[in-house]
Amino acid sequence: MADKLKVSITNGQKDYKIPTGIRLLIRKCCHAVLQTEEMNGNYEVSVSFVDEGYIQQLNKQHRGKDEPTDVLSFPTGAPGNYDVDQDTGASMLGDIALSIPHVYRQAEQYGHDIRREFAYLTVHSMLHLIGYDHEDSGIARVHMREKEEDVLSRLGLQRGASYVRE
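These notes cover the structure that comes with them.

Each value, and the rule that gives it
- Residues numbered from 1 in each chain as written.
- Predicted model: local features only at pLDDT ≥ 70, side-chain atom pairs only at ≥ 80, totals over all residues.
- Heavy atoms only, no water.
- Helix = DSSP H or I, 4+ residues; strand = E, 2+ residues; numbered from the N terminus.
- Rg over C-alpha atoms; globule rule 2.2 N^0.38 Å.
- Buried < 20%, exposed > 50% of the residue type's maximum accessible area, 1.4 Å probe, protein only.
- Contact = heavy atoms within 4.5 Å.
- Lys, Arg positive; Asp, Glu negative; His and termini not counted.
- Charge placed at Lys NZ, Arg CZ, Asp CG, Glu CD.
- Pairing = 2+ DSSP bridges.

## Comments concerning the overall build of the protein chain
Of regular secondary structure, the protein chain possesses five helices and six strands. Mapped in sequence order, the helices and strands of the protein chain form the string β-α-β-α-β-β-β-β-α-α-α. The C-alpha radius of gyration computed for the protein chain amounts to 15 Å, which stays within 12% of the reference 15 Å derived for 166 residues, consistent with globular compactness. Split into buried and exposed, the 166 residues of the protein chain put 46% on the buried side. The long-range fraction of contacts in the protein chain, counting pairs at least 24 apart against all pairs at least 6 apart in sequence, stands at 68%. Across the protein chain, 19 positive and 25 negative side-chain charges occur, with their mean positions spaced 5 Å apart.

Written out as structure tokens, the structure is:
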């Protein structure tokens with residue numbers, strides 16, 4: 001398990017109130033990913049709550065897709081070879097941008113509570129930051145989904161029987 005994990009969370013949107021306990025849940029999710037992956041050491045990650053316009057701008061700039069999305073991950077460095085914060089000596093995993101409007105819509109769409117959606121997107125992004133990818137093949141996608149569900153189950157946030165996510 002990580003010796004120390006610093007999760008910086010900023011709210012860059014104003015349209016949605018962030019429910020009580022979400023920031024703690026996000027920190028728990030980040031920590032659970034590192035614990036599940038048996039990553040030792042000190043780490044830092046940044047999470048930003050953003051609106052649709054901003055995430056669309058990021059998606060266009062970094063992925064060439066001029067459309068909003070639910071979450072984006074920006075790793076710093078490569079898996080196992082992360083940039084290091086010179087002040088703290090911690091490995092900087094990267095940045096996560098969460099579209100809060102998407103969080104609310106997808107929770108309703110998939111029929112689960114808002115905590116599950118925040119947790120899912122955080123775990124998904126953390127796995128991207130440490131090197132998991134689902135874009136290239138079906139097997140990689142299945143492996144990543146299994147990892148996501150393993151972490152969420154450890155946090156007591158199992159998916160419902162009717163829940164299906166592509």
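Structure shown, so let's carry the discussion forward.
## Here's the deal with the pairing of strand β6 (residues 91-99)
The buried fraction of β6 amounts to seven of the nine residues, a majority that puts the element mostly inside the structure. Taken together, the eight bridges between strand β2 (residues 42-50) and β6 define a ladder with parallel strand orientation. Each bridged residue has a counterpart across the sheet, and for S48 the counterpart in β6 is A97. Across two bridges, strand β5 (residues 81-84) lies against β6 in antiparallel orientation. The residue bridging V84 from the neighbouring strand is S91, located in β6. Linking β5 back to β6 in an antiparallel pair, the connection comprises six residues, with G89 at a positive phi of about 80°.

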